[in-house]
Amino acid sequence: MLGKALQIAAGANNIIWPDISTATHIRFDTVNITGSRVVGVFFKPDGTKIYTLTNSDNTIIETTLSTAWDIRSHGSANASLVTDSTHNSGPYGLFINNDGTELYTADLTKHVVQYSMTTAWDLSTASYTRKFSTSSEDGATIGVGFSGNGKNMYTISAFGYVYRYTLSTAWDISTAGSQTSSSDTDYSPRHVFLKPDGTKIFITNSFADALNQYDLSTPYDITGIDNSTPDSQFLTTTEETNPYAKFISPDGAYLYVGGDAADGIDQYSLG
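Residues numbered from 1 in each chain as written. Predicted model: local features only at pLDDT ≥ 70, side-chain atom pairs only at ≥ 80, totals over all residues. Heavy atoms only, no water.

Q: Let's hear about the sheet that holds strand 7 (residues 102-107): which residues, and what values?
A: A sheet is described by the order of its strands in space; here four strands give the open sequence 6-7-8-9, paired in antiparallel fashion. On the outer flanks of this sheet lie strand 6 (91-96) and strand 9 (126-133), each paired with one strand and no other. For this sheet the average axis-to-axis angle between neighbouring strands, irrespective of direction, equals 25°. (Pairing = 2+ DSSP bridges. Helix = DSSP H or I, 4+ residues; strand = E, 2+ residues; numbered from the N terminus. Axes fitted to C-alpha atoms, helices over the stretch in contact; angles between N-to-C directions.)

Quick look at the structure:
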């Protein structure tokens, strides 16, 4: 673990994440989730807060963990937010920027929706800011992710394509300009997640109960993805037969998966 600690101190780009196929289940918890179909999961970078999104009630919940990264070490929920009914009535996916002031979800109405938190990592201070239309590229937007510097936004379509948008102002989706797309489709995709340094991208395939990993030879460049042959794969069938959301801790030690089964979060160790 010392080597990994030194890598973290040196910067996130130096951290080597184990392949997703090395995942081993260690625990499950509902983490104060009250709705069904967990379509978003995200953590504060130090692992002391978890944020979950359930599609049945369009609710994001913030929960503090007394032991970092241990989803069973929680008390009551800190705060909850029902997504904006006008602009975000069909939320999927969840992402929070590096300093905890901007929160994003995708919406099936072909949008990415942005909320701002006036107090970092405090969901009770969140309010709707803006939305970005993906209608010119996408039939139904079902996931959103960002590069570590906030200058690249990634969305995934329910029809399988991943799209990359370049932002002229980091974390401001209204400045999204040119986009490129992946070259192939993945059947029944539900979520997209990137390693912050852009060298790996992960796509959930709910039909196959699979989390697919693609290694990017050029960081952040998705044009070479061949979704028929992932570089690594992990099947969630034993714990989750309809996976949606996923999150990997910054040090690559833990994987978290949410979905329909039992309406909670499964935690895995990696490596």
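After presenting the structure, the write-up continues.
Q: Tell me about the sheet that holds strand 5 (residues 74-82), and please be specific about residues and values.
A: Strands sit in the order 2-3-4-5 across an open sheet of four strands; the sheet is antiparallel. Of all strands in the sheet, those with a lone pairing partner are strand 2 (38-43) and strand 5, marking the two edges. Averaged over all pairs of adjacent strands, the angle between their axes in this sheet comes to 20°, without regard to strand direction. Where strand 4 (residues 59-65) lies against strand 5, six bridges are found, and the strand directions are antiparallel. Of the residues in strand 5, the one forming a bridge with Glu62 is Ala79.

Q: Which residues make up the nonpolar core, and what values do they have?
A: Core analysis: the biggest nonpolar cluster contains 71 residues, and Phe43, Phe146, Met153, Ile201, Leu255 and Ile265 have the highest contact counts within it. Top element by residues in this core is strand 2. It accounts for five residues. (Core = buried A, V, L, I, M, F, W, Y, C linked by side-chain atoms within 4.5 Å. Buried < 20%, exposed > 50% of the residue type's maximum accessible area, 1.4 Å probe, protein only.)

Q: Break down the packing of aromatic side chains for me, with residues and values.
A: Going through the model one piece at a time under the given rule, you end up with 22 aromatic pairs. Taking 5.1 Å as the distance between ring centres and 40° as the angle between the ring planes, the aromatic pair formed by Phe43 and Trp69 counts as tilted. In this pair, Phe43 is assigned in strand 2 and Trp69 in the loop between strand 4 and strand 5, connecting sequence segments 26 residues apart. Just as Phe43 is buried, Trp69 falls in that class too. Between Tyr104 and Phe146 the ring centres are 4.4 Å apart and the planes differ by 45°, which places this aromatic pair in the tilted class. On the criterion of sequence distance, the pair formed by Tyr104 in strand 7 and Phe146 in strand 10 (residues 141-146) is long-range, its members being 42 residues apart. (Phe/Tyr/Trp six-rings, centres within 6.5 Å; stacked < 30°, edge-to-face > 60°.)

Q: Talk me through the pattern of salt bridges; I want residue IDs and the actual numbers.
A: With the rule as written, the count across this model stands at seven salt bridges. Here Asp19 and Lys200 are joined by a salt bridge, their closest N and O atoms 3.9 Å apart. With a gap of 181 residues between them, Asp19 in the loop between helix 1 (2-10) and strand 1 (24-29) and Lys200 in strand 15 (residues 200-205) connect regions that are remote in the sequence. Here Asp19 falls in the partly exposed class, since its relative accessible area comes to 34%. Between Asp197 and Lys195 there is a salt bridge, and its shortest N-O distance comes to 3.1 Å. (Salt bridge = Lys/Arg side-chain N within 4 Å of Asp/Glu carboxyl O.)

Q: Run through the pairing of strand 20 (residues 265-269), naming residues and quoting values.
A: Buried residues dominate strand 20, accounting for four of its five residues. In the sheet, strand 1 pairs with strand 20 via five bridges, with the strands oriented antiparallel. Each bridged residue has a counterpart across the sheet, and for Phe28 the counterpart in strand 20 is Asp266. Looking at chain direction, strand 19 (residues 254-259) and strand 20 are connected through five bridges and run antiparallel. Within strand 20, the position partnered with Val257 by the bridge is Asp266. Taking the residues that link successive antiparallel strands as the turn, the strand 19-strand 20 hairpin has five residues, and the phi of Ala262 there is positive, at about 65°.

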